[in-house]
Amino acid sequence: MMDYQVVICGAGPIGLLLGNLLAKENIKTLIIEKKLESDQHSKAIGITPPSLGILKKIKLDNLFIQQGVKINQVWIHGSKYQLGSLTFRNIKSEFQFILSLPQIQTEKNLEDHLRNQGNIKILRNSELIDITPMDQGIEITIIDHNHSQTQHLKTSYLVACDGGKSSVRNLLKIVNPGNPYQDTFLMGDFFDSTSFQQEAHLFFTSLGSVESFPLPAGKRRWIIQTDQYRTENDLQDHFLIDEIQKRTNIRLNPSDQMNENPFGVQHYLNSNYFKDRVIFCGDSAHTMSPIGGQGMNTGFADADLLAMILSYFLKESSYQPQLLKRYEKYRKKAAQAATFRAWSSMRIGTVKGKFQSFFRNLLLFAVLNLPLKAILPAYFSMINIPFGQSDLLLQKDLLLKNLIE
Ligand SMILES: Cc1cc2nc3c(=O)[nH]c(=O)nc-3n(C[C@H](O)[C@H](O)[C@H](O)COP(=O)(O)OP(=O)(O)OC[C@H]3O[C@@H](n4cnc5c(N)ncnc54)[C@H](O)[C@@H]3O)c2cc1C
């Protein structure tokens with residue numbers, strides 16, 4: 001007898017979204033999370049149109065849109081001149097914008113919504129430490145840090161949504177090839193004193209890149225490329241503000257600054273997306289450069305397809321590994337495409353030096369002022385990621401469609 005139909009390890013955005021999608025199908029699910037509270041660090045902000053389509057399935061799209069800022073225009077600048085702009089207003093989607101909402105609010109919305117659903121439980125301050133395969137299921141071992149107790153639970157399926165340093169991946173010895181990139185960045189959120197309003201602005205300068213995105217509640221995120229990973233201790237006062245001024249001529253007010261975080265970037269992709277009844281979803285399967293804003297959105301689409309497959313297995317009492325093979329094939333291709341897009345955006349933006357930057361900007365000016373520009377909004381809004389949207393995928397893959405619809 002199983003305790004749960006599905007256990008999800010990790011209550012980051014992907015585990016919480018998957019929990020919501022399974023709750024909609026009334027699947028008995030447990031989410032275990034080692035932290036007592038959500039991570040307070042600023043991470044993802046950009047939610048793409050396909051992700052909003054997934055949130056619509058659980059009736060959360062309107063709440064997210066009310067809370068977020070709709071970015072429908074991006075301006076691209078060189079060291080001295082404006083190079084051009086992109087608009088999402090004409091993309092083929094119900095949502096013709098990228099929504100900016102801090103990841104912490106995304107997680108709160110998903111967790112609040114889950115707490116109103118039956119058949120689903122979240123255990124915080126509880127850590128998965130071991131996995132034992134069983135006939136038709138898995139036994140997991142959890143440490144409940146609230147009561148310093150070890151617990152054993154049986155589940156039909158375990159989904160690892162435990163992030164880039166996945167402990168489930170380590171326990172199963174799944175290979176996760178990839179590398180850190182050399183690039184480093186520093187970001188800070190400010191009360192917005194500019195007149196940019198809902199627009200995003202990207203500055204590609206000979207001294208390095210600066211990216212600027214609106215946040216809700218009259219705030220704005222600034223991200224600069226740095227020459228090395230700088231911890232708080234190495235930062236001189238106002239380093240971020242001074243660098244932004246040097247590169248863009250915009251002087252931000254130190255009293256408007258709310259936080260500052262350095263980050264490095266990397267890319268990793270699992271060799272396998274499942275082993276028997278343990279399945280990987282989100283950053284536990286793929287990590288990509290956050291410059292490009294695609295990591296969480298790729299994980300959302302993983303969760304969407306996986307929820308359909310798990311619902312089919314559990315409703316039909318039929319475990320069919322060939323469906324997980326399809327999940328692995330499609331979601332790996334989507335992650336590879338997103339990783340490439342994130343990498344190429346980062347490479348273009350981070351070209352430094354007078355000559356190199358001049359030629360990069362000449363090329364960008366040409367692209368942004370030729371008809372070719374029309375393909376870029378679909379590219380950056382992820383609406384044309386290969387196999388990126390489950391609904392479109394089902395129209396192409398009839399086996400998957402016949403089985404899970
Ligand atoms: C600076 C920055 C900016 C970013 N911007 C964007 C963006 O704009 N758009 C975008 O799409 N993506 C962006 N990303 C990427 C995005 O943040 C990640 O892709 C996303 O957090 C992945 O979610 P996840 O749920 O897979 O993993 P995580 O968010 O890492 O969550 C994993 C959870 O599992 C828990 N856990 C781990 N091990 C265990 C265990 N053994 N037992 C129980 N719980 C466990 C962890 O505590 C954690 O809460 C950005 C990332 C960074 C760093």
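Residues numbered from 1 in each chain as written. Predicted model: local features only at pLDDT ≥ 70, side-chain atom pairs only at ≥ 80, totals over all residues. Heavy atoms only, no water.

### Re the pairing of strand S13 (residues 200–205)
Burial analysis of S13 places 6 of its 6 residues in the buried class, which makes it a mostly covered element. Here S13 shows no split at all, with Ala200, Leu202 and Phe204 on one side and His201, Phe203 and Thr205 on the other all buried. Sheet analysis places strand S5 (residues 73–77) next to S13, joined by 4 bridges and oriented parallel. Bridging across to S13, Ile76 finds its partner in Leu202. Alignment of S13 against strand S14 (residues 208–215), held across 5 bridges, turns out to be antiparallel. (Buried < 20%, exposed > 50% of the residue type's maximum accessible area, 1.4 Å probe, protein only. Helix = DSSP H or I, 4+ residues; strand = E, 2+ residues; numbered from the N terminus. Pairing = 2+ DSSP bridges.)

### A look at the packing of helix H1 (residues 13–24) against helix H4 (residues 103–115)
Orientation of H1 relative to H4, taken along the N-to-C sense of each, is 30 degrees, at an axis distance of 9 Å. By the angle between their axes, H1 is roughly parallel relative to H4. The crossing of H1 and H4 is left-handed. Residues Pro13, Leu16, Leu17, Gly19, Asn20 and Ala23 of H1 form the contact with H4, whose own contacting residues are Gln103, Glu107, Leu110, Glu111, His113 and Leu114. By residue class, the composition of the contact of H1 with H4 is 6 nonpolar, 4 polar and 2 charged. (Axes fitted to C-alpha atoms, helices over the stretch in contact; angles between N-to-C directions. Parallel < 35°, antiparallel > 145°, perpendicular 65-115°, else oblique. Left-handed = near helix turned anticlockwise from the far one by under 90°. Contact = heavy atoms within 4.5 Å. Nonpolar A, V, L, I, M, F, W, Y, C, P; charged D, E, K, R; others polar.)

### As for the side chain of Asp183
Topologically, Asp183 is positioned in strand S12 (residues 178–191). At 2.5 Å, the side chain of Asp183 and the side chain of Arg347 are in polar contact. (Polar contact = N/O pair within 3.5 Å; in protein donor to acceptor, adjacent residues only side chain to side chain.)

### A look at the pattern of salt bridges
Within the structure shown, the criterion is met by 20 salt bridges. Residues Lys57 and Asp304 are paired through a salt bridge, measuring 2.9 Å at the closest nitrogen-oxygen approach. Here Asp304 lies in helix H7 (residues 295–316) and Lys57 lies in helix H2 (residues 49–57), a separation of 247 residues in the sequence. Here Lys57 falls in the partly exposed class, since its relative accessible area comes to 25%. A residue is classified by how much of its surface remains accessible, and Asp304, at 5% relative accessible area, is buried. A single salt-bridge network, built from bridges that share partners, covers Lys24, Glu25 and Lys315. (Salt bridge = Lys/Arg side-chain N within 4 Å of Asp/Glu carboxyl O.)

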